[in-house]
Amino acid sequence: MTATRTPHAASLPPLPHWESPPADLKAAIRQIKAALRTRIAASGRSVEDVFAVIEARVRTQVNEIAAARSRRETIWPVIDYVDIAAGTVRASELAKLRRRGCLVVRGQFPRERALAWDAGIVDYVDSNRFFENYRGPGDDFFGSVGSKPEIYPIYWSPAQMQARQSDEMATVQGFLNHLWQYESDGVRWFDPNRDSLYPDRIRRRPAGATSQGLGTHLDPGTLDLWMTKAYQQAFRHLFDGTIESYDPWDSSYRTTASQYPGSTMCSAFRTFQGWTALSDMDHDQGVLHTVPIPEAMGYLMLRPLLADVPDEDMCGVTTNQVFPASEEWHSLPLQALSGIPDVKAGDSVWWHCDMIHSVAPVRNQRGWGNVIYIPAAPWCPRNQAYAHSVREAFVTGSSPADFPAEHYERDWPNRFRFDDLNSTGRHGLGIDP
Ligand SMILES: [Fe+2]
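Quick caveat: nothing in here was measured; it's all calculated off a predicted structure.

**Examining the coordination of the iron ion**
Part 1: In the first shell of the iron ion, the protein supplies His217 (NE2), Asp219 (OD), Asp219 (OD) and His357 (NE2), at 2.2 to 2.8 Å from the metal.
Part 2: If you look at the iron ion, its 4 donor atoms make angles of 51 to 126° with each other, and the shape they trace is irregular.
Part 3: Counting along the primary sequence, the residues that act as donors to the iron ion give the motif H-x1-D-x137-H. With His217 in strand β8 (residues 214–218) and His357 in strand β14 (residues 357–359), this pair connects stretches of sequence that are 140 residues apart.

**With respect to empty space enclosed by the protein**
Part 1: In total, this model carries 2 cavities of 30 Å³ or more according to the counting rule given.
Part 2: Reported here for the largest cavity is a volume of approximately 90 Å³.
Part 3: As for the largest cavity, its lining consists of Asp219, Pro220, Tyr231, Arg254, Gln259, Cys266, Ala268, Phe269, Arg270, Gln273, Cys353 and Arg382.
Part 4: Its residues assigned to classes, the lining of the largest cavity comprises 6 nonpolar, 2 polar and 4 charged.
Part 5: In this structure, the second largest cavity is lined by Ala234, Phe235, Arg236, His237, Tyr246, Asp247, Pro248, Asp250, Arg254 and Asp354.
Part 6: The class makeup of the residues in the lining of the second largest cavity is 4 nonpolar, 1 polar and 5 charged.

**Focus on helix α4 (residues 91–100)**
Part 1: Inspection of α4 places Glu93, Leu97 and Arg100 among the buried residues, and these make up the whole buried set. Angularly, the buried residues of α4 cover 80° about the axis, an arc narrow enough to put them on a single face.
Part 2: Check the buried side of α4 and you find it contacts α2 (47–70), β1 (78–80), β2 (102–106) and α8 (167–177).
Part 3: Note on α4: the residue one or two positions beyond its end, Gly101, has a positive phi of about 70°.

**Focus: the side chain of Gln108**
Part 1: Positionally, Gln108 belongs in the loop between β2 and α5 (111–127).
Part 2: For Gln108, a relative accessible area of 1% corresponds to the buried category.
Part 3: For Gln108, the residues in contact, after removing those within four places along its chain, are Tyr81, Glu168, Met169, Val172, Gly346, Asp347, Ser348 and Trp350.

**Observations concerning the pattern of salt bridges**
Part 1: Overall, the coordinates contain 23 salt bridges when judged by the stated rule.
Part 2: Salt-bridge contacts for Glu64 lead to Arg99; the nearest nitrogen and oxygen are separated by 2.7 Å. Of the two residues, Glu64 sits in helix α2 while Arg99 sits in helix α4, which places them 35 residues apart along the sequence.
Part 3: For Arg99, a relative accessible area of 34% translates into the label partly exposed.
Part 4: If you follow the salt bridges from partner to partner, you end up with Arg45, Asp49 and Glu244 in one network.

**Regarding the environment of Gly339**
Part 1: By the secondary structure assignment, Gly339 is in strand β12 (residues 338–339).
Part 2: For Gly339, the contacting residues outside a window of four places in its chain are Trp76, Leu288 and His289.

**A word on the nonpolar core**
Part 1: One finds Ile154 and Leu176 to be the most contacted residues of the largest nonpolar core, which totals 57 residues.
Part 2: Ranked by the residues each element gives to this core, the list is headed by α5, at 5 residues.
Part 3: Of all hydrophobic cores here, the second largest spans 52 residues; its members include Leu15, Val50, Val317 and Ala336.

**Quick word on the layout of surface pockets**
Part 1: Here the second largest pocket is characterised by a volume of approximately 340 Å³.
Part 2: If you go around the second largest pocket, you meet 15 residues; those closest to its centre are Leu15, Arg39, Lys229, Gln232 and Gln233.
Part 3: Within the residue set of the lining of the second largest pocket, elements represented by two or more residues are α10 (229–234) and α11 (236–239).
Part 4: By residue class, the composition of the lining of the second largest pocket is 7 nonpolar, 4 polar and 4 charged.

Each value, and the rule that gives it
- Residues numbered from 1 in each chain as written.
- Predicted model: local features only at pLDDT ≥ 70, side-chain atom pairs only at ≥ 80, totals over all residues.
- Heavy atoms only, no water.
- Donors = N, O, S within 2.8 Å, 3.2 Å for Na, K, Ca; no water.
- Tetrahedral: all angles 85-135°; square planar, octahedral: opposite > 155°, others 65-115°.
- Helix = DSSP H or I, 4+ residues; strand = E, 2+ residues; numbered from the N terminus.
- 1 Å grid on protein atoms, 1.4 Å probe; cavity = no way out; pocket = protein on both sides within 12 Å on 5 of 7 lines; lining within 4 Å.
- Points joined across faces, edges and corners; volume = space filled by probe spheres on them.
- Nonpolar A, V, L, I, M, F, W, Y, C, P; charged D, E, K, R; others polar.
- Buried < 20%, exposed > 50% of the residue type's maximum accessible area, 1.4 Å probe, protein only.
- Arc of directions from axis to C-beta.
- Contact = heavy atoms within 4.5 Å.
- Salt bridge = Lys/Arg side-chain N within 4 Å of Asp/Glu carboxyl O.
- Core = buried A, V, L, I, M, F, W, Y, C linked by side-chain atoms within 4.5 Å.

This is how it looks when you write it as structure tokens:
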């Protein structure tokens, strides 16, 4: 690439942007796609040329993963918690983590502690007659089988809060956050050492369960990823002829962006999504899979601009539904879809926030499949803003604003108490500055 082929971004034609969902989605898709093509062309490169660069990067990794699989290697990086805590993770392990963008942390919590949390959750919901009062799914995000839920819309159990504010969680979140570039252009985009305690739900899937799983998708946003100014800046290298500089670990502009409202939105910026296992789970029992290639996001973002995609189609992405990854448009990265290895209660599982993921189907599941969802959502303007409503929800036992307004826990006397917050918890909720 020569300088003449990449004029300064400021000299390129600007992009239209919509800070709230456009009224006419199809018209807006047509308009943004034309503008993105024009902008890329003005950089002196064609859309096809730019896409070929990212496609080659993804293909290299797809081939690498296929080769590793044929050697029967574990695709997911696995690191012992004790090494993270002691700062003794080997450089080769760190390199693999950065390349794959996902991780199993072995023994983040002692197994007995995780199993006690699981039992504590059972006691928490039973003592409050949750199953007798359960009104059915508040949204269709996960679907449902029968009347007893697998996803519990429960946020404030002692177990969840103890895990969220634990030293072990802070240690792993800080370790993962440091994979990201969090300072550029004189801006500190987030604080890697302070988490905002993003409250999410619980999954308890019983032995014998049969589940369809969840299809391949990603969670960072929908049309907003192409259409809001902050995301256009975050993905600037994809759109201004400097694709070689695209770095999936660069957080610039992302921590001030926001998603369009909708039932699938996440208000927080998460460096990693994650969960902590509260039961043992074998790798073939309906577990999480990812496409462990962080750069695949560049592929997903540019794919709709190719000539074979209808002008009004963003490869199936629309508002109010998760971003789908499909064989029709994304068959190359999907070849690398890889499941987690066996995990034990107390292990944790993490994946880069832009990563394609799915949950495999299972028939007549062996053993339980129990997790508490706890991501890494470091302190930043976006997460600070959301922390205000989280604090209110915590104090009143309400469902957090990102989730259906079910509010089961408001009258539950044994939820986690304000006085039980430690320093991490107080900082995470923004109680202490
Ligand atoms: Fe997801």
